[in-house]
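In case you want the letters, here they are:
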Amino acid sequence: MSTAKAVDVLDRALDGYEQIGALSDAARVRARLRALGVRRRHWNQPQRPTSGWESLTDTERAVAGLIARGMTNRQIAQRAFLSPHTVSTHLRRMFGKLDIASRTELARIVAEKCPELVKGG
């Protein structure tokens, strides 16, 4: 398969995964595209508050859920197809947005605001 054809197929897969909210699968496809030298924007910039639970992006919420389930940054990185550095960045941003200083506080907030993330839902 030519590179152009592979990029076309991966682009269609990426669109499909994003439409159904399959964030991990979309991240995996973006990683494959990057390996082919193609970068795709993967963030929306909706109006959202600057602090509090509602200010978290979908990816930050997903990372928060995995943290609440007891995963390390490295485990989260592997599962979400991110680098450990990116997971750390999400964590720092969440701490700032939620005005907290520990993973334990984050886990408490996740359990309170979105308990289905703790259960893996």
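Everything discussed here concerns the structure shown above.
What comes next concerns the included structure. (Residues numbered from 1 in each chain as written. Predicted model: local features only at pLDDT ≥ 70, side-chain atom pairs only at ≥ 80, totals over all residues. Heavy atoms only, no water.)

Remarks on the overall build of the chain
Scanning the chain from terminus to terminus reveals 7 helices and 0 strands. Along the longest, intermediate and shortest principal axes, the C-alpha atoms of the chain span 50 × 30 × 25 Å. In the chain, buried positions account for 35% of the 121 residues. Across the chain, every contact between residues at least 6 apart in sequence was considered, and the portion connecting residues at least 24 apart equals 52%. Taken as a whole, the chain presents about 7800 Å² of accessible surface, with 50% of it coming from carbon and sulfur. Averaged over its 21 positive side-chain charges, the chain has a centre that lies 6 Å from the centre of its 12 negative ones. (Helix = DSSP H or I, 4+ residues; strand = E, 2+ residues; numbered from the N terminus. Buried < 20%, exposed > 50% of the residue type's maximum accessible area, 1.4 Å probe, protein only. Contact = heavy atoms within 4.5 Å. Areas by Shrake-Rupley, 256 points an atom, 1.4 Å probe, with all protein chains shown as cover. Lys, Arg positive; Asp, Glu negative; His and termini not counted. Charge placed at Lys NZ, Arg CZ, Asp CG, Glu CD.)

Focus on the environment of M71
Tracing the sequence through the fold places M71 in the loop between α3 (58-68) and α4 (73-80). Residue M71 is classed as buried on the basis of its relative accessible area of 18%. Not counting residues up to four positions away in its chain, the partners in contact with M71 are L66, I76, R79 and R103.

Some words on the pattern of salt bridges
Counted according to the given criterion, the structure contains 6 salt bridges. When the shortest N-O distance is used, the salt bridge between R28 and D25 registers 3.2 Å. Of this pair, R28 and D25 are both found in helix α2 (residues 23-35), 3 residues apart, which corresponds to roughly one turn of the helix. Classification of R28 by relative accessible area gives partly exposed; the value is 24%. (Salt bridge = Lys/Arg side-chain N within 4 Å of Asp/Glu carboxyl O.)

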